[in-house]
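# Close look at the chain arrangement
Each chain, letter by letter, is given below.
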Amino acid sequence: MRRDSEAGATASEVSARSARGAPTDPNESPAAPEAALPKAGKFGPARKSGSRQKKSAPDTQERPPVRATGARAKKAPQRAQDAQPPDATSAPGAEELEPPAAREPALSRAGSRAKKAPQRAQDAQPSDATSAPGAEGLEPPAAREPALSRAGSRAKKAPQRAQDAQPSDATSAPGAEGLEPPAAREPALSRAGSRHQRGARCSPKPRPPPGPGDVPSPGMPVSDPILVQGDAAPGAGKLRAVLEKLKLSRQEICEAAEVVNGVVDHLLRRLQKYDSEFRGVGLLRTGSYYEHVKISAPNEFDVMFKLEVPRIQLEEYSNTGAYYFVKFKRNPKENPLSQFLEGEILSASKMLSKFRKIIKEEINNIKDTDVIMKRKRGGSPAVTLLISEKISVDITLALESKSNSWPPSTQEGLPIKAWLSGKVRTQLRLKPFYLVPKHAKEGNGFQEETWRLSFSHIEKEILNNHGETKTCCENKKVKCCRKDCLKLMKYLLEQLKERFKDKKHLDKFSSYHVKTAFFHVCTENPKDSQWKPKDLGLCFDKCVIHFLKCLSTEQLGNYFIPGFNLFSSNLIDKRSKEFLSKQIEYERNNEYPVFGEL
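Everything numeric here is computed off the predicted structure, so don't read it as measured data. All residue numbers here refer to positions counted from 1 along the written sequence of the relevant chain. Selection of residues for local features in this predicted model requires a pLDDT of at least 70, selection of side-chain atom pairs for listing and counting requires 80 or more, and totals for whole chains, interfaces and linings are taken over all residues. Remark: hydrogens and water are excluded; side-chain values derive from all non-hydrogen atoms of the structure.

### Topic: the overall build of the chain
Quick reminder of the rule: Secondary structure is summarised from DSSP: a helix means a run of H or I of at least four residues, a strand means a run of E of at least two, and numbering begins at the N terminus for each. Think of it in three bands: with a 1.4 Å probe and only protein chains considered, a residue is buried below 20% of the maximum accessible area for its type, exposed above 50%, and partly exposed in between. Any pair of residues with heavy atoms lying within 4.5 Å of one another is described as a contacting pair. Note on areas: Shrake-Rupley, 1.4 Å probe, and residue coverage restricted to the protein chains presented here.
What the chain contains, in helices and strands, is 14 helices and 13 strands. Put simply, the chain has 598 residues, and 42% of those count as buried. Within the chain, residue pairs in contact and separated by at least 24 positions form 70% of the contacts whose partners lie at least 6 positions apart. When the accessible surface of the chain is split by element, carbon and sulfur atoms take 49% of a total near 32500 Å².

In structure tokens, the structure reads:
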């Protein structure tokens, strides 16, 4: 009798355990401990504390379970094949999800464990690492939200086949694009900046650079680049190695400077000596060589032949803020520039033509150096000479205005108060400004009588005195990496222009665009502590990011004339900007392979 009682108690226990969902087959895996009861949620009432499931009667007939929203199932299945893991896809109000994707994130977010263990070995597969909370490189959180929206709700049923119980993946949630097997998801993790499952960050071989055919067709909107500062910044060591290769040889500098100075001095004496219209001309050395940011080789020089003019009146051309017609307030008969007047307007094209003619005649008198004049470029204000077939010199005529204050279009320009101080800005604005015979673009041609404002002398002064502290880079103790970043930016553009010189996509871009963008980055980061040499990689990345944003928004304001956009569509077409942006993004994402093409 006692044995019969014990047997009856055991049977009762088994029945109770079966009603709670515990396996009755001893070959089955033991059930996982039941998770803590959820709190009241947004989509359902909370259960009373300590409430339990009702026990099922020990009959053998199966009855379909009826379940209210937010409540637990009343009856557990009695057969082993019915006791399957829960599935979030059957939860009330849940969207139709792929079973493995919807189940794992819900369990991970709620912090609870499954009620039952899987019945077969192939069902007990490990969940994908991407479904763990906080894993890097996941698709946006919206892909997991539908399974988690119910406060702590549990799934009813698990898939019955082994192939359905695959590792969960956040990308298979609603709204995720392109459902792929796990092997196809790994590149997405690398691109997002997270580490690959095997520990690799990216492919050892970079993808080939995009070609001209990869550029979007005209008319497509230029989207903002998805950038994370420093995410793809190469190390300072690699950039230092590039800068070392870009250093100019002192011997080459001396040899080139000696040749250039000889030619320039000869031409200057000719203009000053004879009774010409330019006898009051003087020399103003500008450009990267004199700003100490020249790279690669001392083979390009820029000089200005400045000519002071009496009191002039400026008439702005087409609200550009940069281009002007020049008139004399008083025009005495003995004014040597009277011959260049077109009515009241001083003709830029007439003066430039006469300037070229004198220089072309005079270079024939230079006997000890081989000098030729290059063909005139449309819209260019410079006379370009080629010395000894390897050194290019741009000589630009510039009108110097000392008596006039800077034009109103410059009032909000030169934003260096937080960087170099308001006092320095005031001092710089007291200096003369210059006008060069640069023709404004007009339709498919140029307005040849216009002059453009030039502040190259101010740019040189800023770069040579660039620190918040006045002693920045004057000794070894106080150093920054501003000029190094500018050199790298110039080299990046130079190399890309060389690579695609046959395609003509980058012909309209110049180092002046890079320098202007760099000045704006300096304004946004005025402190010397933001340009520490040890942070060269991050600082260079800041410059690249800013330049990419300028390309994508088609906005690059002149540093001295904020209303004049250097990236406007009438100056550079959208397709060219998209092409350059695509090339720079490729270089950034692959740690600048173009820098190895020295």
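### What to know about the pairing of strand β3 (residues 312–316)
Looking down a regular strand, the side chains alternate between one sheet face and the other. Put simply, the rule is: For two strands to be treated as a pair, DSSP must find no fewer than two bridges joining them.
Summarising the sheet, β3 and strand β4 (residues 323–328) pair through 5 bridges and their orientation is antiparallel. When the bridges of β4 are listed, Q313 appears paired with K327. Taken together, β3 and the strand that follows it, β4, pair antiparallel across an intervening segment of 6 residues, in which S318 is found at a positive phi of about 50°.

### What about the side chain of H546?
Within the fold, H546 resides in helix α13 (residues 536–553). On the basis of relative accessibility, which here comes to 15%, the residue H546 falls in the buried class. Apart from the residues lying within four places of it in its own chain, the contact partners of H546 are A517, H520, V521 and E524.

### Here's the deal with helix α11 (residues 482–499)
We apply this condition: A helix is expected to span 1.5 Å multiplied by its residue count minus one.
Taking 1.5 Å as the rise per residue, α11 with 18 residues should run 26 Å; its terminal C-alpha atoms sit 26 Å apart, in good agreement. The buried fraction of α11 amounts to 13 of the 18 residues, a majority that puts the element mostly inside the structure.

### Here's the deal with the packing of α11 against helix α14 (residues 574–589)
The line we're drawing: All axes here are fitted lines through C-alpha atoms, helices being fitted over the stretch that makes contact, and every angle between N-to-C directions spans 0 to 180 degrees. Put simply, a crossing is left-handed when the front helix is turned counterclockwise from the back one by less than a right angle, and right-handed when it is turned clockwise. For this classification, the nonpolar set comprises Ala, Val, Leu, Ile, Met, Phe, Trp, Tyr, Cys and Pro, the charged set comprises Asp, Glu, Lys and Arg, and every other residue, Gly included, is treated as polar.
The interhelical angle for the contact between α11 and α14, taken along N-to-C directions, is 115°, at an axis separation of 11 Å. Where α11 crosses over α14, the handedness of that crossing is right-handed. In contact with L492, L493, L496 and R499 of α11, α14 contributes L580, Q583, I584 and E587. Residues belonging to the contact of α11 with α14 are distributed by class as follows: 5 nonpolar, 1 polar and 2 charged.

### Observations concerning the confidence of the model for the chain
Note the following rule: pLDDT is a per-residue confidence score from the predictor, ranging from 0 to 100.
With 60% of its residues at a pLDDT of 70 or more, the chain has an overall mean of 72. Within the model, pLDDT remains below 50 along residues 1–204, and this stretch shows 223 contacts once partners closer than five positions in the same chain are excluded.

### Quick word on the nonpolar core
Rule in force here: Within this scheme, the nonpolar core is defined by two criteria: the residues are buried Ala, Val, Leu, Ile, Met, Phe, Trp, Tyr or Cys, and they are joined through side-chain atoms within 4.5 Å.
If you look at the biggest cluster of nonpolar residues, it comprises 112 residues, and the most contacted ones within it are F305, L346, M351, L385, W531 and F595. Element by element, the count of residues in this core is highest for α13, at 9 residues. Not counting chain neighbours up to four residues away, the residues in contact with L385 comprise V263, L267, I359, I363, V371, I372, M373, I391, S392, V393 and I395. In this structure, M304, A398, Y434 and V436 belong to the second largest nonpolar core, which totals 5 residues.

### Concerning unusual backbone geometry
As a rule of thumb, non-glycine residues mostly have phi less than zero, and peptide bonds are mostly trans rather than cis. In this structure, S388 is a non-glycine residue whose phi angle is positive, near 55°. With respect to the element layout, S388 can be found in the loop between β8 (382–387) and β9 (391–401). We note that Y592 has phi near 60°; this positive angle belongs to a residue other than glycine. Counting through the fold element by element, Y592 comes out in the segment after α14. You can call Y592 buried: its relative accessible area is 0%.

### Structural notes on the environment of K504
Its location among the elements puts K504 in the loop between α11 and α12 (511–524). Along the chain, K504 and S576 lie 72 residues apart, while their C-alpha atoms are 8.9 Å from each other.

### Things to note about the environment of L566
Within the secondary structure, L566 sits in the loop between α13 and α14. Taking the C-alpha atoms as reference points, L566 and C550, separated by 16 residues in sequence, lie 9.9 Å from one another.

### Things to note about the packing of aromatic side chains
As a reminder, the rule being used: Ring pairs are drawn from Phe, Tyr and Trp, using the six-membered ring of Trp, whenever the two centres fall within 6.5 Å, and their geometry is named by plane angle: stacked under 30 degrees, edge-to-face over 60, tilted for the rest.
Per the counting criterion, the structure on display carries 18 aromatic pairs. Centroid distance F278 to F340: 6.2 Å. Interplanar angle 25°. Geometry classified as stacked. Pair noted here: F278 is in the loop between α6 (250–273) and β1 (282–286) and F340 is in the loop between β4 and β5 (341–342), with a separation of 62 residues, a long-range link. Using a relative accessible area of 1% as the deciding quantity, one classes F278 as buried. Look at F547 and F567: their rings are 6.0 Å apart centre to centre, the planes differ by 70°, and that puts the pair in the edge-to-face class. Pair noted here: F547 is in helix α13 and F567 is in the loop between α13 and α14, with a separation of 20 residues, a long-range link. The burial state of F547 is the same as that of F567; both residues are buried.

### Some remarks on the pattern of salt bridges
Applicable threshold: In what follows, salt bridge is the name for a side-chain nitrogen of Lys or Arg lying within 4 Å of a carboxyl oxygen of Asp or Glu.
Within the structure shown, the criterion is met by 19 salt bridges. A salt bridge links E400 to K306, with the shortest nitrogen-to-oxygen separation between them at 3.9 Å. Here E400, found in strand β9, pairs with K306, found in strand β2 (residues 300–308); they are 94 residues apart in sequence, far enough to count as distant. Judged by its relative accessible area of 24%, K306 falls in the partly exposed class. Between E498 and K501 there is a salt bridge whose closest N-O contact spans 2.9 Å. For K501, a relative accessible area of 44% corresponds to the partly exposed category. One salt-bridge network, in which partners are shared between bridges, spans E315, K327 and E344.

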